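Chains, contacts and geometry: an overview
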Amino acid sequence: MTATLVTGIGELVTFDPAHPGPLGVVSDAAVLTVDGRIAWTGPAASAPRSDADEVIDVDGAAVIPGFVDSHTHLVFAGDRSAEFEARMSGQPYAAGGIRSTVAATRAATDGELRARLAGLVAELHAQGTTTFEIKSGYGLTVADEERLLRLAREVTDETTFLGAHVVPAEFADEPEAYTDLVVGPMLDACAPHARWIDVFCETGAFTVEQARRILTAGARRGLGVRMHAAQLGPGDGVALAVELDAASVDHGTYLTDDDVEGLAASKTVATLVPGVEFSTRHPYPSGRRLLDAGVTIALASDCNPGSSFTSSMPFCIALGVRELGLTPAEALQAATLGGAAALRRDDVGHLRVGARADLAVLRAPSYVHLAYRPGVPLVARTLRA
Ligand code: NIG
Ligand code: FE
């Protein structure tokens, strides 16, 4: 048994109803972890200090649960900075660049992909993220999708089969034949390495009918359902996600009132990815509207080389506050507990007794600084399990 006491915490956010307010905040606090799990939280003065093998004094810093980034595309090769630069001079984003990442990714060796992935995972960790999902989707052949998921599995259990990202160039004229491949041999090869299945349901990607076929085939194989929808325009994708009891429907840049009503009556989380609106000059969706309707929201990075090449959850929190209409507390909750809900996990995203001991120590006296000091590297230390 190994016990660690983290003490000298100026402000501790737990999301434990045993502590005050919606965030369960404790001032002048300490956390005792035993074998990688939270064993006790409370005022430092009453901490069970004698039990600890190691004491970490954070000298008045704020401590929050590690971020749960429920939407990333971290396994890829190549660079699309020229596409970003063109977009910033007025070119629209229509997801067409995905195929250029597919070409670069197919050409890369496992070693190259692994090295790139390790660098991105280090970025996430340095910015306080302790749980993250990774999608495939830049392979789009049976062997390449299987390969991307195998590599993703080396760094996370939260892996998502996204063979239905776009129809690859070699199937451009036969999207139905590609859909057959996805629900047949590709799903067979990928299901053993995945926990989730996802479809990019959008004009120019996959139709609602194709999405239904792919997601139900995945669900029959035991995969949980998640979806990309309403990113480039309104559509029926959100309704399908709700109908299929998807854990999460992601983007939601163009949600209709019916979408919001459907989400509010469901368990499906709306995952907002404001790095995308930032990087594509699309309008930001309103997080306020969703919360006011009673929808559970998550914030995620959607880290990918095309629409949102940020690995920073603090940046997403700052955008959530400034552009999505969230309070700093709501944005923090969406980036921790909300992400956990989007992955249907109850062991992460909070610091209740029994949770995984995932903590981010901030170089700041309060979590509010995450939005108050945008762009500043405020995560001093990330402790995982
Ligand atoms: O989540 N929307 C589809 N997929 C990614 C974009 C991928 C890309 O542009 O490479 C997204 O935004
Ligand atoms: Fe995405």
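Predicted model only: the values in this text are computed from it and were never measured. (Residues numbered from 1 in each chain as written. Chains lettered and ligands numbered in written order. Predicted model: local features only at pLDDT ≥ 70, side-chain atom pairs only at ≥ 80, totals over all residues. Heavy atoms only, no water.)

Focus on unusual backbone geometry
In the Ramachandran plot, His 251 falls in the positive-phi region, its phi being about 95 degrees despite a non-glycine side chain. Relative to the helices and strands, His 251 resides in strand β12 (residues 248-251). With a phi close to 45 degrees, Ala 385 is a non-glycine residue in the positive phi region. For Ala 385, the position within the fold is in the segment after β16 (379-383). (Helix = DSSP H or I, 4+ residues; strand = E, 2+ residues; numbered from the N terminus.)

Regarding the domain arrangement of the protein
Split by domain assignment, the protein resolves into domain 1 (3-66 + 350-383) and domain 2 (67-342). A separation of 30 Å is found between the C-alpha centroids of domain 1 and domain 2. Taken residue by residue, the interface counts 19 residues in domain 1 and 19 residues in domain 2. Summing the contributions of domain 1 and of domain 2, the shared interface buries around 1,500 Å²; its carbon and sulfur component is 74%. Between domain 1 and domain 2 we count zero salt bridges in total. (Domains from an automatic or database assignment. Contact = heavy atoms within 4.5 Å. Buried area = accessible area lost by both parts, 1.4 Å probe. Salt bridge = Lys/Arg side-chain N within 4 Å of Asp/Glu carboxyl O.)

Some points on the site of ligand 1
Near ligand 1 there are 15 residues, and of these Arg 80, Tyr 93, Tyr 138, Gln 231 and Ser 307 occur at the shortest range. In this structure, an oxygen atom belonging to ligand 1 sits 2.5 Å away from a side-chain N or O atom of Tyr 93. Here ligand 1 is seated within the largest cavity. (Near = heavy atom within 4 Å. Polar contact = N/O pair within 3.5 Å; in protein donor to acceptor, adjacent residues only side chain to side chain. 1 Å grid on protein atoms, 1.4 Å probe; cavity = no way out; pocket = protein on both sides within 12 Å on 5 of 7 lines; lining within 4 Å. Sits in = over half its atoms within 2 Å of the grid points.)

Focus: the pattern of salt bridges
Counted according to the given criterion, the structure contains 22 salt bridges. Lys 135 serves as the salt-bridge partner of Asp 198, at 2.8 Å between the closest nitrogen and oxygen. With Asp 198 in strand β10 (residues 196-201) and Lys 135 in strand β8 (residues 134-135), this pair connects stretches of sequence that are 63 residues apart. Since its relative accessible area comes to 1%, Asp 198 is described here as buried. The partner of Glu 158 in a salt bridge is Arg 345, with the nearest N and O atoms 2.6 Å apart. (Buried < 20%, exposed > 50% of the residue type's maximum accessible area, 1.4 Å probe, protein only.)

Quick word on the sheet that holds β8
An order of β8-β9-β10-β11-β12-β13-β14 is seen for the seven strands of this open sheet, with the pairing classed as parallel. Both outer strands of the open sheet, β8 and β14 (297-299), are each paired with one neighbouring strand and no more. In this structure, strand β13 (residues 269-272) lies alongside β14, joined through three bridges in parallel fashion. Among the inter-strand pairings, Ala 270 is bridged to a residue of β14, identified as Ile 297. (Pairing = 2+ DSSP bridges.)

Let's talk about empty space enclosed by the protein
Taken as a whole and assessed by the stated rule, the structure comprises two cavities of 30 Å³ or more. Estimated volume of the largest cavity: approximately 90 Å³. Lining the largest cavity are 14 residues, and of these Tyr 93, Ile 98, His 165, Asn 304 and Ser 307 sit closest to its centre. The volume enclosed by the second largest cavity comes to roughly 40 Å³. Forming the walls of the second largest cavity are Val 238, Val 249, His 251, Gly 252, Leu 255, Ala 270, Thr 271 and Leu 272. Those elements giving two or more residues to the lining of the second largest cavity turn out to be β12 and β13. Of all the elements, β13 adds the most residues to the lining of the second largest cavity, at three residues. (Points joined across faces, edges and corners; volume = space filled by probe spheres on them.)

Quick word on the side chain of Thr 156
In this fold, Thr 156 is placed in the loop between α4 (142-153) and β9 (159-164). Polar contacts involving the side chain of Thr 156 include one to the main-chain carbonyl oxygen of Phe 132, which spans 2.6 Å. Thr 156 has contacts with Phe 132 and Ile 134, leaving out every residue within four places of it along the chain.

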